[in-house]
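Residue-level listing of the chains:
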Amino acid sequence: MKIAIIGTGNVASNLGAALSNSNEIVYGSRNPAEAKAKLPNANIKRIEEAAKESEIIILAVPYEHAKDAIKEMKKGEEGKILIDVSNPLDKNRRWAKGFSESAAEEIAKHAKGAKVVKAFNTIFAQNMKTGALGSEKLATFIAGDDEQAKSTVIDLAKSIGMDPVDVGTLEKARFIEPAGLLLIELGYGKKMGTGIGFKLVKSQ
Ligand SMILES: NC(=O)c1ccc[n+]([C@@H]2O[C@H](COP(=O)([O-])OP(=O)(O)OC[C@H]3O[C@@H](n4cnc5c(N)ncnc54)[C@H](OP(=O)(O)O)[C@@H]3O)[C@@H](O)[C@H]2O)c1
């Protein structure tokens, strides 16, 4: 599949590396020439171009810039799967949402016509390349209203070694996003580092 990753930072580069094994990746950047210095071997285009020529779009920009990045897509996201990986923090790295709306639902309101799926936000970027820590697959919690879109994202997560867990409709992103903050608190607040992640343990 042709996948556009909007952003050229930590998540974009690690997720892009993982997905490039079996997909064609194009990065969408505000400044492709500058971004090329960071990712010299990558196919980098303007955000609009990358979005319009791809089947799936991964929005990998900071939460506070998601709205601008969606605007830059110039409706290139319409009818497509749009994966939101964001952890909604404000400029002071504090929780930017209440519990009556998630960033994913807010993004869906701006990206009208896109099939928004929440995924990957509870895994540190460094661990996205393999989706695992040692032999332990990391859980990625997935939410979305379009079952087919969700199933495609579940397959993508499996293809890079993660353990996808379907949490339900997009509204359930309200539960998934605070788990991202918990991970950040453990990694940075409690200084456990980024070599940690979540696993869902099941009986049987
Ligand atoms: N880092 C993690 O471990 C981690 C884990 C899970 C989820 N997340 C989430 O993933 C998202 C990206 O995080 P990150 O760590 O990859 O951030 P990052 O390294 O700072 O990269 C963010 C990228 O977003 C793009 N960007 C910045 N401002 C933009 C704007 N106004 N419009 C469009 N694009 C803009 C930039 O690309 P260009 O300069 O090329 O445009 C930049 O490379 C965030 O929402 C974060 O909460 C992060």
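Each remark here, short or long, concerns the structure printed above.
Owing to the predicted nature of the structure, the values given are computational and were not obtained by experimental measurement.

Engineer: I'd like a description of the site of the ligand, backed by residues and values.
Structural biologist: Close to the ligand lie 24 residues; Thr 8, Val 11, Ser 29, Arg 30 and Ala 125 are nearest. Separating an oxygen atom of the ligand from a backbone N or O atom of Val 11 is a distance of 2.8 Å. About the coverage of the ligand: the protein hides 81% of its 900 Å² of free accessible area.

Engineer: Lay out the side chain of Lys 97 with the relevant residues and their values.
Structural biologist: Inspection of the secondary structure puts Lys 97 in the loop between strand 5 (81-84) and helix 5 (103-110). Of the polar contacts made by the side chain of Lys 97, one reaches the side chain of Tyr 63; its length is 3.5 Å. If we skip the residues at most four places from it in the chain, Lys 97 touches Tyr 63, Pro 88, Ser 102, Ala 103 and Glu 106.

Engineer: Let's hear about the packing of aromatic side chains: which residues, and what values?
Structural biologist: If you walk through the whole model with that rule in mind, you get two aromatic pairs. Plain terms: the ring middles of Trp 95 and Phe 99 are 6.1 Å apart, the flat faces sit at 25° to each other, and that makes the pair stacked. Take Trp 95: its relative accessible area is 22%, and that puts it in the partly exposed class.

What counts, and where the lines are drawn
- Sequence positions are assigned chain by chain, starting from 1 and proceeding in written order.
- Per-residue local features are limited, in this predicted model, to residues with pLDDT of at least 70; the limit for side-chain atom pairs, both in listing and counting, is 80 or more; totals at the level of whole chains, interfaces and linings are taken over all residues.
- Excluded from the side-chain calculations are hydrogens and water; all other atoms, namely the structure's heavy atoms, are used.
- Here a residue counts as near a molecule or strand whenever at least one of its heavy atoms sits within 4 Å of it.
- Throughout this description, a polar contact denotes any pair of N or O atoms lying within 3.5 Å of each other; where both atoms belong to protein, one of them has to be capable of donating a hydrogen while the other can accept it, and for residues adjacent in sequence the pair is counted only when both atoms sit in side chains.
- The accessible surface values rely on the Shrake-Rupley method and a 1.4 Å probe; as for residues, cover is taken only from the protein chains in view.
- Strands here mean DSSP runs of E at least two residues long; helices mean DSSP runs of H or I at least four residues long; both are numbered from the N terminus.
- Here, two residues are considered to be in contact whenever any of their heavy atoms come within 4.5 Å of each other.
- Pairs were defined over the aromatic rings of Phe, Tyr and Trp, the Trp ring being its six-membered one, requiring ring centres within 6.5 Å. Orientation was assigned from the angle between planes: stacked under 30 degrees, edge-to-face over 60, tilted for the rest.
- Burial classes follow relative accessibility: with a 1.4 Å probe on protein chains only, a residue under 20% of its type's maximum area counts as buried, one over 50% as exposed, and anything between as partly exposed.

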